[in-house]
Amino acid sequence: VFTMHPKYLSIKDFTYHLPEEKIAYHPLAERDSSKLLVYQNGTIQESIYRNIAEYIPADSLLVFNNTKVIEARLLFQKPSGGVIEIFCLEPHEQYTDITSAMLQPKNVLWKCLIGGASKWKRGQVLEKRIDLTNTILQCRFIERKTDCFVVELSWDTSLSFAEILHQAGAIPLPPYIKRDADETDTERYQTVYAKQNGSVAAPTAGLHFTPEIFSRLKEKNIQTGFVTLHVGAGTFKPVNAAIMENHEMHAEYIDVTIEFIENLILNLNNTIVAVGTTSLRTIESLYWMGVKLPIAIGTRVSYPESGVSQWEPYENADKAISETDALNDLLKWMKKNKLNRLVGKTQILIAPGYKAKIANALITNFHQPQSTLLLLVSALIGEDWKDVYEFALENNYRFLSYGDGNLLFFNR
């Protein structure tokens, strides 16, 4: 069946009217009391997150993203009283991965957005005192890039950069939540299983999960596996291009253990449910990395570092191999190179025309109109995404990061 290349999709076809009052600006009192819409074979059921285990087949594998949101907003006051905001995006290329960059002592180079950059004179060193540990944090301007700035942050104690941010920074809420983060956000804009420091936005589908839900999943012999995809600010990047060919998808770091990949292979005949679009993008990227191995061997590209580019799945569609072969090839390659974790970048754009290789279902929130996340949902359940969203709007579901969610079984 010939399907149009997603390059030619018009973003205007992926819109709906989202009234302001449908957006959730605060989390509910209890994580698992959020509403849950369940979509399967064209039918819609209503429930709440607390009962999610009832809708997932026994022996399924749920894949979670254990990334942790970092306190990425740093405010520096100049001697003149003006405030400069440094929004930490991701580490400079000199670090092999986010985890090692977050553990750096004394100083780091970081890519940032700068609020009030014009007021920051070149050569002026910004300073911030952290009373808790009696530390002085300094910020120096290094260079300007096309889409960000590079700054050097340094401090006079042996704390890691993660600890410095924890003490000096603030949690960055999504741009459409127009209020300052408060105490509740510190806990609630973080999943209960968050572990690896590095995201500037929460993998929001996971915000609804509680220890009680995990117990219920276990009772039903539903397994849980964890991957790490550090969510970048690009997740909120609007699609300003009329057609997708002119939209550059943001790249994000993934970090996956060899044990996880082995477990994924064992579960390929069971239902694999991605908790969140980030988990889905991670496991689908693993498949394409495996497909690429035989192609990459003849080239000079050092393989995983080359990651997965946004159109690769469509351009390599004719080279597709079985899921088992792709993941086994990846495993063999890791063992040969004595790697126990795979760190790479993915820019994968899942849009209509894409058929999921690894996942069979997705747990996610309700996304903004004309977003790449809506394209992703449309790729998995087709035009029915419109019915799902219409139902949610008519039945008072709460939208976006702090809102309600849905469990979508894919149309194969």
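Residues numbered from 1 in each chain as written. Predicted model: local features only at pLDDT ≥ 70, side-chain atom pairs only at ≥ 80, totals over all residues. Heavy atoms only, no water.

## Here's the deal with the sheet that holds strand E9 (residues 135-144)
The strand order across the open sheet formed by six strands is E5-E6-E7-E10-E9-E8, and the pairing between neighbours is antiparallel. For this open sheet the edge positions go to strand E5 (73-77) and strand E8 (126-130), each flanked by a neighbour on one side alone. Pairwise comparison of adjacent strand axes, ignoring direction, gives a mean angle of 40° for this sheet. Sheet topology note: the strand E6 (residues 83-91)/strand E7 (residues 107-115) ladder contains six bridges and is antiparallel. (Pairing = 2+ DSSP bridges. Helix = DSSP H or I, 4+ residues; strand = E, 2+ residues; numbered from the N terminus. Axes fitted to C-alpha atoms, helices over the stretch in contact; angles between N-to-C directions.)

## As for the nonpolar core
Core analysis: the biggest nonpolar cluster contains 82 residues, and Ile-261, Leu-286 and Phe-399 have the highest contact counts within it. Residues within four places of Leu-286 in sequence aside, it is in contact with Val-256, Phe-260, Ile-261, Leu-264, Leu-327, Leu-330 and Leu-342. Counting residues in each nonpolar core, the second largest holds 38 residues, with Leu-109, Phe-149, Leu-153 and Ile-164 among its members. (Core = buried A, V, L, I, M, F, W, Y, C linked by side-chain atoms within 4.5 Å. Buried < 20%, exposed > 50% of the residue type's maximum accessible area, 1.4 Å probe, protein only. Contact = heavy atoms within 4.5 Å.)

## Quick word on the pattern of salt bridges
On inspection of all chains with the given rule, the structure shows 17 salt bridges. A salt bridge links Asp-131 to Arg-129; the shortest N-O distance between them is 3.8 Å. A single salt-bridge network, built from bridges that share partners, covers Glu-90, Glu-93, Lys-111 and Lys-345. (Salt bridge = Lys/Arg side-chain N within 4 Å of Asp/Glu carboxyl O.)

## Looking at the sheet that holds strand E16 (residues 361-365)
Taken together, the nine strands give an open sheet; going across it, the order is E2-E1-E17-E16-E14-E3-E12-E13-E15, and neighbouring strands pair in mixed fashion. In this open sheet, the two edge strands, each paired with only one partner strand, are strand E2 (43-48) and strand E15 (341-346). Put simply, the sheet's adjacent strands are angled 25° from each other on average, direction ignored. As defined by bridge partners, strand E14 (residues 272-275) adjoins E16 across three bridges and the pair is classed as parallel.

## Focus on helix H4 (residues 211-219)
All of the buried residues in H4 are Ile-213, Phe-214 and Leu-217. An end-on view of H4 places all buried positions within 100° of arc, on one side of the element. Pointing more than 90 degrees away from the buried face of H4 are the exposed residues Pro-211, Lys-218 and Glu-219. In the segment just after H4, Asn-221 is the residue with positive phi, at about 60°. (Arc of directions from axis to C-beta.)

## With respect to the packing of helix H5 (residues 258-266) against helix H8 (residues 323-336)
Relative to each other, H5 and H8 sit at 155°, their axes nearing to 10 Å. When the interaxial angle is binned, H5 and H8 end up roughly antiparallel. Considering how the two elements wind past one another, H5 and H8 form a crossing that is left-handed. Of H8, the residues touching H5 (which contributes Ile-258, Ile-261, Glu-262, Leu-264 and Ile-265) are Thr-324, Leu-327, Asn-328, Leu-330, Leu-331, Met-334 and Lys-335. For the contact of H5 with H8, a count of residues per class yields eight nonpolar, two polar and two charged. (Parallel < 35°, antiparallel > 145°, perpendicular 65-115°, else oblique. Left-handed = near helix turned anticlockwise from the far one by under 90°. Nonpolar A, V, L, I, M, F, W, Y, C, P; charged D, E, K, R; others polar.)

## Topic: the state of the cysteines
With the rule as written, the count across this model stands at zero disulfides. No disulfide involves Cys-88; its sulfur sits 4.3 Å from the nearest other cysteine sulfur, which is in Cys-112. A relative accessible area of 0% means that Cys-88 is categorised as buried. Counting only cysteine sulfurs, Cys-112 is the nearest neighbor of Cys-139, a cysteine outside any disulfide, at a range of 6.6 Å. A relative accessible area of 0% places Cys-139 in the buried class. (Disulfide = S-S within 2.5 Å.)

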